[in-house]
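Summary of the model geometry
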Amino acid sequence: MIRFLLRRLAVAILVALTVLTLSFLLTRLSGDLAISIAGPNATQEDVEIIRRVYGLNRPLVEQYLDWLLRAVQGDFGESFFFKDRVANLIAHRLPITLTLGLVGLALALVVALPLGIIAAVREGSWVDRGVMLVALIGQAMPSFWLGLILMVVLGLNLGWLPISGTGGWEYYVMPGIVLAFSAIPSLMRLTRSGMIEALSSDYIRTARAKGLSRISILVKHGFRNAAIPVVSIAAVQLGFMLGGSIVIETVFAMHGVGYLAWESISKNDFPVVQAVILVLALIYIALTLLADLLNAVLDPRLRTQ
């Protein structure tokens, strides 16, 4: 198990360095940063001054190594637009994005686990086909479109929930539903396949022969074993949700890290864009490592590696 985790850690470090490098290079390839900062009405002299002030006149490799050293220390520079430290901006808005991701994951699990179990118990029936149809619709439906539909129905027509902004728990309901809807299909199918495999195993037949109740067999013996891959994939799904929050936060105007990224892209605030990409990637990598750790702990086959 130790060798397995060390290999995964080495891969995670390489992925983090790759993301860090790409986030730096892509902002440079998008155009001249000095011209973007100076604006369309700036003179050539203004552009040259900005190049010297922000160190954009130095060789690209030197700029990259300087940014890499500061990023490793948690210093992402200063925002061009907000005139504040990038680390402060992210620290202020990250809790909103994390809360939204956790709400979406909780809603997804509440819906996906029971439906997956029911589909497995009624395998091949109209119930099973109906659950799979829900999974197909959830996989195909664009998240921004579902968000707009919920805003019109629950926000404007019924007036049950606020349609935009950040505040109390009610502001997280609709965005959480949209995030959950994108994660429900994979969690539901994984639960269904795990339960079907568990219910056809020898220990389930033994439990039935002992006369145990149906609920006890399903929950205590069936789902407990089928939940092993679900628990690990749930951590990965949380990473996907945090990355997808850029779209959801923009639709619902929630001032989290995703909305910060959208604002920064529209205003050519490249230090913030680089930092947001890196932070979200690191969170996803950390959650992937957590999933690998859970797999190593829960799966007996990995303990011997």
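Bear in mind that the values here come from a model prediction, so they are computed numbers and not experimental data.

As for the overall build of the protein
Tallying secondary structure elements over the protein gives 13 helices and 0 strands in all. N-terminal to C-terminal, the α/β element order of the protein is α-α-α-α-α-α-α-α-α-α-α-α-α. The buried share among the 305 residues of the protein stands at 41%. If you take every contact in the protein between residues at least 6 apart in sequence, the share linking residues at least 24 apart comes to 73%.

Some details on the pattern of salt bridges
The full count for this structure, using the stated rule, is 3 salt bridges. When the shortest N-O distance is used, the salt bridge between arginine 93 and glutamate 263 registers 2.9 Å. Highlighted residues: arginine 93 in helix α5 (residues 86-121) and glutamate 263 in helix α11 (residues 257-266), separated in sequence by 170 residues. We note a salt bridge from aspartate 128 to arginine 192, for which the minimum N-O separation is 2.7 Å.

Quick notes on the packing of helix α6 (residues 126-140) against helix α8 (residues 173-199)
Between α6 and α8, whose axes approach to 7 Å, the crossing angle comes to 145°. The two elements α6 and α8 cross, and the hand of that crossing is left-handed. Within the contact between the two elements, α6 uses Asp128, Val131, Met132, Val134, Ala135, Ile137, Gly138 and Gln139 and α8 uses Phe181, Pro185, Ser186, Met188, Arg189 and Arg192. Tallied by class, residues from the contact of α6 with α8 come to 8 nonpolar, 3 polar and 3 charged.

Here we look at unusual backbone geometry
For alanine 253, which is not glycine, the phi dihedral falls at a positive 55°. Along the chain, alanine 253 turns up in the loop between α10 (214-252) and α11. Relative accessible area serves as the criterion here: at 22%, alanine 253 is assigned to the partly exposed category.

A word on the nonpolar core
Core analysis: the biggest nonpolar cluster contains 53 residues, and Leu20, Phe76, Ile90, Ala108, Met174, Phe252 and Val276 have the highest contact counts within it. Considering every element that reaches this core, the biggest residue donor is α5, with 11 residues. Those residues in contact with methionine 174, other than ones at most four positions away along the chain, are Leu150, Met151, Leu154, Leu161, Pro162, Ile163 and Phe252.

What to know about the environment of valine 11
Among the structural elements, valine 11 can be located in helix α1 (residues 2-29). Each C-alpha atom of the pair valine 11 and isoleucine 285 lies 9.6 Å from the other, and the pair is 274 residues apart in sequence.

Let's talk about the environment of isoleucine 228
For isoleucine 228, the position within the fold is in helix α10. What makes isoleucine 228 partly exposed here is its relative accessible area of 24%. Isoleucine 228 sits 37 residues away from threonine 191 along the chain, and the two C-alpha atoms are 9.5 Å apart.

What about α5?
Here α5 spans 51 Å end to end across 36 residues, near enough to the 52 Å set by a 1.5 Å rise per residue. Bending of α5 peaks at approximately 35° at the position of arginine 93, with proline proline 95 no more than four residues after it.

What about the confidence of the model for the protein?
Considering every residue of the protein, the mean pLDDT works out to 78; 83% of them sit at 70 or more. The element-level mean pLDDT for the protein is lowest in helix α13 (residues 300-303), coming to 50, with α5 highest at 86.

Calculation rules
Residues numbered from 1 in each chain as written. Predicted model: local features only at pLDDT ≥ 70, side-chain atom pairs only at ≥ 80, totals over all residues. Heavy atoms only, no water. Helix = DSSP H or I, 4+ residues; strand = E, 2+ residues; numbered from the N terminus. Buried < 20%, exposed > 50% of the residue type's maximum accessible area, 1.4 Å probe, protein only. Contact = heavy atoms within 4.5 Å. Salt bridge = Lys/Arg side-chain N within 4 Å of Asp/Glu carboxyl O. Axes fitted to C-alpha atoms, helices over the stretch in contact; angles between N-to-C directions. Left-handed = near helix turned anticlockwise from the far one by under 90°. Nonpolar A, V, L, I, M, F, W, Y, C, P; charged D, E, K, R; others polar. Core = buried A, V, L, I, M, F, W, Y, C linked by side-chain atoms within 4.5 Å. Expected span 1.5 Å × (residues − 1). Bend = angle between axes of the 7 residues up to and from the residue. pLDDT = per-residue confidence, 0-100.

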